[in-house]
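Below are the chains, spelled out letter by letter.
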Amino acid sequence: MSTTRHVNLRELTDRIRAIEQRCEISDGCDEPAADRIATGWTDIDAALGGGLAAGGLHEWFGVEDTARGETHPADARWTPPLCILAHLAWQAFDRSSSSPWVVWVGRACHPYPRVLVRGADRRMLERSLFVSPRDVAGRVWAMDLALRSQAVGFVVADGSGLDRSATQRIQLLARAQAKVVLAVCPPRQRSILSAAQTRWLVRTAHAPGQRRPGEIHPGWSVELLRCKGMRPTQDHPSWYLEWNRAEGVVHCPARLADLAGSPQQREVRTESRRRRSASA
Amino acid sequence: MTLAHARSLCAGLAVRDQPLSPDTDAAALRRLARWMLRYAPVVAPEDPDGLMLDIAGCSHLFGGEREHMRRIADALRRWGLRPRLAAAPTFACARAVARFGESDLTQIEDDMIGEALSPLPVAALRVEAKTVDALADVGIERIRHVAALPRDELAARFGRELLMRLDQATGAVNESIESIRAVRRFIVSHAFDGPVRRIAIIEATTRELLSRLLGQLQSVQRGILELDVELCRVNGEPQTLYLRLTHPNRDHAHLWKLLWPKLERVHLGFGVTNIALQASRTQRLKNEQAAFLREPSSSHEPAALGELVDRLVDRLGGAAVTCVHPAESYIPEKAFVYTALREVAPREATRRPTVEPAVNPAPRPSHLFESPEPIRVMSLVPDGPPVWLEWRGRANKIVVGIGPERIAAPWWARGIAAVRDYYDVEDEEGRQLWVFRDGASGEWYVHGQWI
């Protein structure tokens, strides 16, 4: 047996061990893995094995805002989940000790800068670079360039109009550079093939349980549509997330399963069931 | 005398109005100081209208001290100036005699300092005006009067500065001046034997010239901030390409990536005869130890960010690459300012505490519309909080509402924006909106959304 063969076997053993450890983490350990970015949402982190993969493209389908009378899906307006993006950007920002730059590519995903400030902490605001390309090709090029830069640690982009080859290019580059790319896409783009690591669908939702008068906590239900390379440990991949306006943080207060009677929940369940039956 | 007074005295007075600009004058003085480096190795500008030259050891090159001074005076007269020169063993003595002496050209020997200074007024010692006034109050107006007084009493009554200036003038205390430095120009050029129209040759030549230019910069540890490439064409105006960088850079590959797209679009006309590259603006780079395996570190971050921003700006335009700063305004659309990134500051500079406007701690939506969108609302009481709204073709009851938060433009800008009463509302569909009632028109608008 040659030396090269021996080295390859050793690498293979290490990789298998790493995969086994990751599976153990997903079984209930709270410590995030080194190659993961903890979302800060306990249930979701547990399901993903520690958080979002640090090197990969993650697609987030925004909230559709169809006016009554509009039948064509292309006419539907959509809004990217900016609170969730800002929260995840903060999570990635806090994970790194060197405070890397965050690049926001595409005007659609630029949040109102106030959400990038947490109390007196303006680091995210000061380390954010906003890029506004005119077209899809420009956005893909800017994402590519940002991923290759040593100064950038995190990329948030408007992913509308990205096709399979573009997502493949970004996914491979993100993996090679071990950086996270969050791409926000219109919901109608769900049917387009993509090489993204994970795909998420966001809908507006009411808080479960009794509402306290005089309080508004913007909330959303997020559904994990795809998680490549790992089987989610939870059967029902939907969670309720809530924006804490005082702290500027997105919380995961309770499972969506608590929303037994809400029409939103019924819709989510019906869709999940339909997808399961389709896959069967 | 004011201009109006002069006009009243002299009818038909021709006026050449030159606006006073201290910065422009100071810049011109520094340019003149650099030009004077050909007469002395150490030249320091003395605002607002003086130059100090250290000519020790170099006068023999100009035929002696007297001839040296005469040449300097002639050179300055050729610039249209009326110079007053004095050469003395000390800077302070030379300055005092040049400004307050009787002759335009004075040479003072080593043992004549006291005699030269004695008849001059106290102001020639560069002391503060209040010290001059205080001395004048007690009848001391000339330097010889000051020199005759006991030193300890002088210091106690008029401060130590007076003594120090006197000692500097007499040579009892050394005085040094900070010389202006000559601007080194980094230019490389190549002249072809004849007109060249092949882009491959021009590309290879420009690459070579860029390498030579970067070699020059490397020896002085500087990086390029602005690069001008001039192509002299036969029977045509020279064509100049400009590169503006956000961070000093000396990386050939990066500069070539920015330069080549511009170069290949140049109209060569009947051919190029000469190519010149000039680093018109450079900046010192941090010295770095050469490493065999260079690992990314925080010290490389500004350079990496600068390269990223350069590429983005080059392709997308300066307005498409921005950063955000808080602004002093309560108006939501003016609370933050997007500014084009023109310069990437070093990491140490970004950490330096700076006074920035405070960010309003009140909750704000994550998505603020570019312009407020009109909505229809229903309220239980006139001008009260809405209980129903219709936005983007969908009508819903409002489940929760918080407000109002009144936001008004400052009194000096009341004409720009009226008073607005903002409410945070959540409708039946779970949409969290930021709506306001315009105080002037009474109309309702959606201005943002928590999403």
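Below you will find a few notes about this structure. Sequence order sets the numbering: in each chain, residues are counted from 1 along the sequence as written. Each chain is given a letter, starting from A, and each ligand a number, starting from 1, according to the order in which they appear as written. In keeping with the predicted nature of the model, local features appear solely for residues at pLDDT of at least 70, side-chain atom pairs appear and are counted solely at 80 or more, and the whole-chain, interface and lining totals rest on all residues. Side-chain metrics rest on all non-hydrogen atoms present in the structure, leaving aside hydrogens and water.

1. With respect to the overall build of chain A
Per the secondary structure count, chain A includes seven helices and 13 strands. Relative accessible area decides the class of each residue, using a 1.4 Å probe on protein chains only: under 20% of the type maximum gives buried, over 50% gives exposed, and in between gives partly exposed. Taken across its 280 residues, chain A has 55% of its residues classed as buried. A separation of at least 24 residues holds for 68% of the contacts in chain A among residues at least 6 apart in sequence. Residue burial considers only the protein chains on display, and all accessible areas are found by Shrake-Rupley using a 1.4 Å probe. Split by element, the accessible area of chain A, about 12900 Å² in all, is 49% carbon and sulfur. Strands are runs of DSSP state E lasting at least two residues, helices are runs of H or I lasting at least four, and both sets are numbered from the N terminus onward. Note on contacts: a residue pair is in contact if any heavy atoms of the two residues lie within 4.5 Å.

2. Considerations on the overall build of chain B
Helix and strand content of chain B: 13 helices and 16 strands. Of all 451 residues assigned to chain B, the portion counted as buried reaches 40%. Pairs at least 24 residues apart make up 54% of the contacts formed inside chain B by residues separated by at least 6 positions. As presented, chain B carries roughly 25900 Å² of accessible surface, and 51% of it is formed by carbon and sulfur atoms.

3. Regarding the side chain of A:Arg203
All names here are of chain A. Tracing the sequence through the fold places Arg203 in strand β10 (residues 198-204). The class for Arg203 is buried, based on a relative accessible area of 10%. Polar contacts here mean pairs of N or O atoms no more than 3.5 Å apart (in protein, one a potential hydrogen donor and the other a potential acceptor; neighbouring residues in sequence count only if both atoms are side-chain atoms). Within the structure, Arg203 has its side chain in polar contact with the side chain of Glu223 (distance 3.5 Å).

4. Structural notes on the interface of chain A and chain B
Chain A puts 55 residues into the contact, and the matching count from chain B is 58 residues. Any carboxyl oxygen of Asp or Glu within 4 Å of a side-chain nitrogen of Lys or Arg constitutes a salt bridge here. Remark: the boundary between chain A and chain B carries three salt bridges. At the junction of chain A with chain B, the criterion picks out 17 residue pairs in polar contact (both at pLDDT 80 or more). Taken together, the elements giving at least two residues each to the side of chain A that touches chain B come down to β4 (63-65), β5 (77-79), α3 (82-95), β6 (101-105), α4 (123-126), β7 (128-131), α5 (136-148) and β11 (219-227) of chain A. Ranked by the residues each element gives to the side of chain A that touches chain B, the list is headed by α5(A), at six residues. Among the residues making up the side of chain A that touches chain B, the classes are represented as 29 nonpolar, 14 polar and 12 charged. Pairing between two strands is assigned when DSSP locates at least 2 bridges connecting them. Sheet topology note: the β7(A)/strand β9 (residues 321-326) of chain B ladder contains two bridges and is antiparallel. Counterpart to A:Phe130 in the pairing with β9(B) is B:Thr322. Note on residue categories: nonpolar means Ala, Val, Leu, Ile, Met, Phe, Trp, Tyr, Cys or Pro, charged means Asp, Glu, Lys or Arg, and polar means any other residue, Gly included.

5. With respect to a negative patch on the surface
Residues and elements named next belong to chain B. Only residues above 30% relative accessible area that lack a salt bridge enter a patch, with like-charged residues linked at up to 9 Å and the nonpolar side chains Val, Leu, Ile, Met, Phe, Trp and Tyr linked at up to 5 Å. Only four residue types enter the charge count, namely Lys and Arg as positive and Asp and Glu as negative; His and the chain termini do not. Lys charges are placed at NZ, Arg charges at CZ, Asp charges at CG and Glu charges at CD. A contiguous patch of negative charge on the surface is contributed by Glu65, Glu109, Asp110, Asp111 and Glu115. Positionally, Glu109 belongs in the loop between β4 (105-107) and α5 (113-117). Judged by relative accessible area, which is 45%, Glu109 ranks as partly exposed.

6. Focus: the pairing of strand β12 (residues 238-244) of chain A
Residue and element names in this part refer to chain A. Along β12, seven of the seven residues are buried, which leaves the element largely enclosed by surrounding structure. Across the two faces of β12 the burial is the same, with Ser238, Tyr240, Glu242 and Asn244 and Trp239, Leu241 and Trp243 all buried. Pairing of β11 with β12, which is carried by five bridges, proceeds in the antiparallel orientation. Each residue of the ladder has a partner; that of Trp220, found in β12, is Leu241. Judged from the three bridges that link them, β12 and strand β13 (residues 249-251) form a sheet pairing that is antiparallel. Its bridge partner lying in β13, Trp243 is registered against Val250. Here β12 folds back onto β13, and the loop between the two strands holds four residues, one of which, Gly248, carries a positive phi near 70°.

7. So, the environment of A:Val155
All names here are of chain A. Its location among the elements puts Val155 in strand β8 (residues 152-158). We classify Val155 as buried; its relative accessible area is 1%. The spatial distance from the C-alpha of Val155 to the C-alpha of Lys179 is 7.9 Å, given a sequence separation of 24 residues.

8. Focus on the sheet that holds β13(A)
Strands in a sheet are paired, the pairing made by backbone hydrogen bonds, and the direction either parallel or antiparallel. If you walk across this open sheet you meet the 11 strands as β13(A)-β12(A)-β11(A)-β10(A)-β3(A)-β9(A)-β8(A)-β6(A)-β7(A)-β9(B)-β10(B), and the pairing is mixed. Each edge of the open sheet is held by one strand with a lone partner, namely β13 of chain A together with β10 (336-340) of chain B. The sheet shows a mean angle of 30° between the axes of neighbouring strands, taken without regard to direction. Axis definition: a line fitted to C-alpha atoms, limited for helices to the stretch in contact. Angles are taken between N-to-C directions and run from 0 to 180 degrees. Relative to the sheet, helix α6 (residues 164-177) of chain A contacts β3 (56-61) and β9 (180-185) of chain A, its axis offset from that of β3(A) by approximately 130°.

9. Remarks on the packing of aromatic side chains
Any two rings among Phe, Tyr and Trp, with Trp reduced to its six-membered ring, count as a pair given centres within 6.5 Å; such a pair is stacked if its planes are under 30 degrees apart, edge-to-face if over 60, and tilted if neither. Counted according to the given criterion, the structure contains 15 aromatic pairs over all chains. Summarising the aromatic geometry, the rings of A:Trp60 and A:Trp200 are spaced 4.8 Å apart at their centres and angled 5° between planes, so their arrangement reads as stacked. Of this pair, A:Trp60 sits in strand β3 while A:Trp200 sits in strand β10, and the two are 140 residues apart along the sequence. Across the pair, A:Trp200 and A:Trp60 agree in class, each one buried. Each ring, one from B:Tyr422 and one from B:Trp434, has its centre 4.1 Å from the other, and the planes form 25°; the classification is stacked. Residue B:Tyr422 is located in strand β14 (residues 420-427), and its partner B:Trp434 is located in strand β15 (residues 432-438); the two are separated by 12 residues in the primary sequence.

10. Focus on the packing of α5(A) against α6(A)
Residue and element names in this part refer to chain A. The N-to-C vectors of α5 and α6 enclose an angle of 10°; their axes lie 10 Å apart at closest approach. The angle between α5 and α6 places the two elements in the roughly parallel class. Each of Val140, Trp141, Met143, Asp144, Leu147 and Arg148 in α5 lies in contact with α6, whose residues at this interface are Ala166, Arg169, Ile170, Leu173, Ala174 and Gln177. Orientation labels follow simple angle bins: below 35 degrees gives roughly parallel, above 145 gives roughly antiparallel, 65 to 115 gives roughly perpendicular, and whatever is left gives oblique.

11. Remarks on the side chain of B:Gln449
The residue B:Gln449 is located in strand β16 (residues 444-450) in this model. For B:Gln449, a relative accessible area of 4% gives the class buried. If we skip the residues at most four places from it in the chain, B:Gln449 touches A:Thr79, B:Pro365, B:Ser366, B:His367, B:Phe369, B:Trp391, B:Arg431, B:Gln432 and B:Leu433.

12. A word on the sheet that holds strand β7 (residues 239-249) of chain B
Residues and elements named next belong to chain B. Taking strand neighbours across the sheet as the criterion, the four strands line up as β5-β8-β6-β7 in an open arrangement whose pairing is antiparallel. On the outer flanks of this sheet lie β5 (186-196) and β7, each paired with one strand and no other. Averaged over all pairs of adjacent strands, the angle between their axes in this sheet comes to 10°, without regard to strand direction. Along the sheet, helix α10 (residues 199-219) makes contact with β5, β6 (222-233) and β8 (272-284), crossing β5 at roughly 160°.

13. Looking at the pairing of β8(A)
Residue and element names in this part refer to chain A. Of all seven residues making up β8, six are buried, and the element is well covered by its neighbours. In this structure, β6 lies alongside β8, joined through five bridges in parallel fashion. Within β8, the residue paired with Val102 across the bridge is Phe154. For β8 and β9, the ladder comprises five bridges, and the chain directions are parallel. Each bridged residue has a counterpart across the sheet, and for Ala157 the counterpart in β9 is Ala183. For a crossover, the right-handed case is the one in which the path from the first strand over the helix to the second runs clockwise, viewed with the strands pointing away from the viewer. Regarding the hand of the β-α-β motif, the stretch spanning β8, α6 and β9 is right-handed.

14. A few points about the pattern of salt bridges
Residue and element names in this part refer to chain B. Scanning all chains against the criterion turns up 35 salt bridges over all chains. Among the salt bridges present, the one from Asp314 reaches Lys262, with a minimum N-O distance of 3.6 Å. Of this pair, Asp314 sits in helix α12 (residues 301-316) while Lys262 sits in helix α11 (residues 252-263), placing them 52 residues apart in sequence. The exposure class of Lys262 is partly exposed, given its relative accessible area of 24%. Residue Arg420 is joined to Glu333 by a salt bridge in which the shortest nitrogen-to-oxygen separation is 2.9 Å. Here Arg420, found in strand β14, pairs with Glu333, found in the loop between β9 and β10; they are 87 residues apart in sequence, far enough to count as distant. Take Arg420: its relative accessible area is 10%, and that puts it in the buried class.

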